[in-house]
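Survey of secondary and tertiary structure
So the chains spell out like this:
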Amino acid sequence: MKLSSICPGCGSPTVEGLCKRCRLESTTLLSCPPRVEVISCPVCGAQRLRGRWQSVDRPVEVLVSEAAERSVEIYRDLANPQVTLMVSKRGATRYIAEVELIGEFEGMPAEDRCTIAVDLRYETCDRCSKMAGRYYEAVVQLRARGRSLSAQEIEECEKIVLSQAEKSLEKGDRLAFVREMKPVRGGVDIVVGSTQMGRLTARSILDRFGGRMRESYKQVGAKNGKDLYRTNILVRLPRLREGDVVVARGTVLEVRGYGGRKTLCLSLMDGGRAFLSEEETDAARLLGNRSDSQKTVVVDMDEAVLEVLDPVSYKTISVTKPGNLDVRPGDEVEVIGYGDDLVLLSPL
Ligand SMILES: [Zn+2]
Ligand SMILES: [Zn+2]
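Just so we're clear, the structure is a prediction, and the values are computed from it rather than from any experiment. (Residues numbered from 1 in each chain as written. Chains lettered and ligands numbered in written order. Predicted model: local features only at pLDDT ≥ 70, side-chain atom pairs only at ≥ 80, totals over all residues.)

Our next topic: the sheet that holds strand 23 (residues 316-320). Pairing is antiparallel across the open sheet formed by 5 strands, whose spatial order is 23-22-21-24-25. Strands at the two margins of the open sheet, each flanked by one partner only, are strand 23 and strand 25 (341-344). Adjacent strand axes in the sheet meet at a mean angle of 50 degrees when their direction is disregarded. Pairing of strand 24 (residues 332-338) with strand 25, which is carried by 4 bridges, proceeds in the antiparallel orientation. Across the sheet, Val 335 pairs through a bridge with Leu 344, a residue of strand 25. (Pairing = 2+ DSSP bridges. Helix = DSSP H or I, 4+ residues; strand = E, 2+ residues; numbered from the N terminus. Axes fitted to C-alpha atoms, helices over the stretch in contact; angles between N-to-C directions.)

In structure tokens form, the structure reads like this:
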């Protein structure tokens, strides 16, 4: 290396212009704002970042340290930069973050430090203020066709609603909350903060139970020049429930599931499958439900007929043997009674 000049800063020999040491001295390695702010909801702990609220489940100290870290700027040509942060509390809403930076400046070890005041500001978030203000966008009305919802269906639907609320909130739908679940004649009304979440809930319920969904809107006022609407989402479950045993299409069927608006059944005579339309389910004669079945014993049998003990009267009753049922005398079977008759269930 040929030393052709001297440094105008310190007078040391150098190649050209300022020497390395003087260049380091005149470079800002770490720039920090004197003060930053963390905006946090006192009710739920959400944080407002770049104008948007988001749910967080980190303690305030972590938010403070993240805010300090976000606010610092490091000289872009510093090699192997390493930042260390120390946060300490100085008042009810004031924290001090001490920032230390080490790295390499043109091959020389270099360091810098700064102090940032971090103020915590409490502000009720969009979601909490809307929840407190009794705000809601939609009502999911759960009903069933031609009957009331069973307690078990209501319980399962409520679980679906709560889990959808959680999922939607995680995905950033700030209004995904359940305001109220109120029992009404024949079903339940679920009042929700977000229409989008209401729709997703309705779809999950349809996936589980089949049925139909219908949406309607109602204008409820205006705010800041924008019309405000409430959405009604009517979900009507099919007339027949899973496990219902019915007479339809001239045979005895058990409901095993749903495919859109069709009710999927299994024949208790020959084991075949049948998809009943809404009209067919309306006309079907309901004999009972698998949940009310009783166990009994096969006494005797031939190709087509089983003799079983009536679990109530202990008389021997003949029942048609389902084609796919493999039993021997002495075996236990499940039956449901209707009138003086019994229907034999196929294994699930
Ligand atoms: Zn110099
Ligand atoms: Zn909040």
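That covers the picture; the talk isn't over yet.
Our focus in this paragraph is unusual backbone geometry. Positive phi values are uncommon outside glycine, yet Arg 134 reaches one of about 60 degrees. With respect to the helices and strands, the residue Arg 134 is situated in the loop between helix 3 (126-132) and strand 11 (138-144). For Tyr 314, which is not glycine, the phi torsion reads 60 degrees and is therefore positive. By C-beta crowding, Tyr 314 is classed as exposed, having 8 other C-beta atoms within 10 Å. (Buried ≥ 20, exposed ≤ 12 C-beta atoms within 10 Å, placed from the backbone.)

Let us now look at the confidence of the model for the protein chain. Overall, the predicted model of the protein chain reaches an average pLDDT of 91, with 99% of residues at or above 70. Strand 25 is the least confidently modelled element of the protein chain, averaging 85 in pLDDT, while strand 11 averages 97, the highest of any element. (pLDDT = per-residue confidence, 0-100.)

Bringing the packing of helix 4 (residues 151-170) against helix 5 (residues 195-209) into the picture now. Close contact between helix 4 and helix 5 brings their axes to 9 Å; oriented N to C, the two are set at 135 degrees. Our classification of the angle between helix 4 and helix 5 gives oblique. Remark: the crossing between helix 4 and helix 5 carries right-handed chirality. Taking contact as the criterion, the partners of Glu 153, Cys 157, Ile 160, Val 161, Gln 164, Ala 165 and Ser 168 in helix 4 are, on helix 5, Met 197, Leu 200, Thr 201, Ser 204, Ile 205, Arg 208 and Phe 209. In terms of residue class, the contact of helix 4 with helix 5 is built from 8 nonpolar, 4 polar and 2 charged. (Parallel < 35°, antiparallel > 145°, perpendicular 65-115°, else oblique. Left-handed = near helix turned anticlockwise from the far one by under 90°. Contact = placed C-beta atoms within 7 Å. Nonpolar A, V, L, I, M, F, W, Y, C, P; charged D, E, K, R; others polar.)

Moving on to the environment of Pro 322. Along the polypeptide, Pro 322 turns up in the loop between strand 23 and strand 24. A tally of 22 C-beta atoms within 10 Å means that Pro 322 is categorised as buried. Every residue in contact with Pro 322, bar those within four places of it in the chain, is listed here: Leu 268, Met 269, Gly 271, Leu 344 and Ser 346.

Further remarks concern the pairing of strand 18 (residues 262-267). With 6 bridges joining them, strand 17 (residues 251-259) and strand 18 adopt antiparallel strand pairing. Within the sheet, the bridge partner assigned to Gly 257 lies in strand 18 and is Leu 264. Connecting strand 17 to the antiparallel partner strand 18 that follows it, the hairpin turn spans 2 residues, and Gly 260 within it adopts a positive phi of roughly 60 degrees. Relative to strand 19 (residues 273-276), strand 18 runs antiparallel, the two being bridged by 4 bridges. Opposite Leu 264, over in strand 19, you have Phe 275 as the bridge partner. Linkage of strand 18 to strand 19, two consecutive antiparallel strands, is achieved through a turn of 5 residues, within which Gly 271 is found at a positive phi near 80 degrees.

What follows is about the environment of Val 99. Along the chain, the position of Val 99 falls in strand 9 (residues 94-105). Between the alpha carbons of Val 99 and Ala 138 there is a distance of 48 Å; along the sequence they are 39 residues apart. The residues contacting Val 99, other than those within four sequence positions of it, are Leu 30, Cys 32, Ala 68, Val 72, Val 83, Leu 85, Arg 113, Cys 114 and Ile 116.

With that settled, the discussion passes to helix 4. Relative to the 28 Å expected for 20 residues at 1.5 Å per residue, helix 4 spans 29 Å between its end C-alpha atoms, a close match to the ideal helical length. Taken as a whole, helix 4 has its buried residues at Glu 153, Cys 157, Val 161, Gln 164, Ala 165 and Ser 168. Mapping the buried residues of helix 4 onto a view down its axis gives an arc of 110 degrees, with all of them on the same face. In helix 4, the exposed positions that point more than 90 degrees away from the buried face belong to Ala 151, Gln 152, Glu 155, Lys 159, Ser 163, Glu 166 and Glu 170. On its buried face, helix 4 is in contact with strand 11, strand 12 (178-184), strand 13 (187-192), helix 5 and strand 15 (226-237). Where helix 4 ends, the next residue or the one after it, Gly 172, has phi of about 100 degrees, a positive value. (Expected span 1.5 Å × (residues − 1). Arc of directions from axis to C-beta.)

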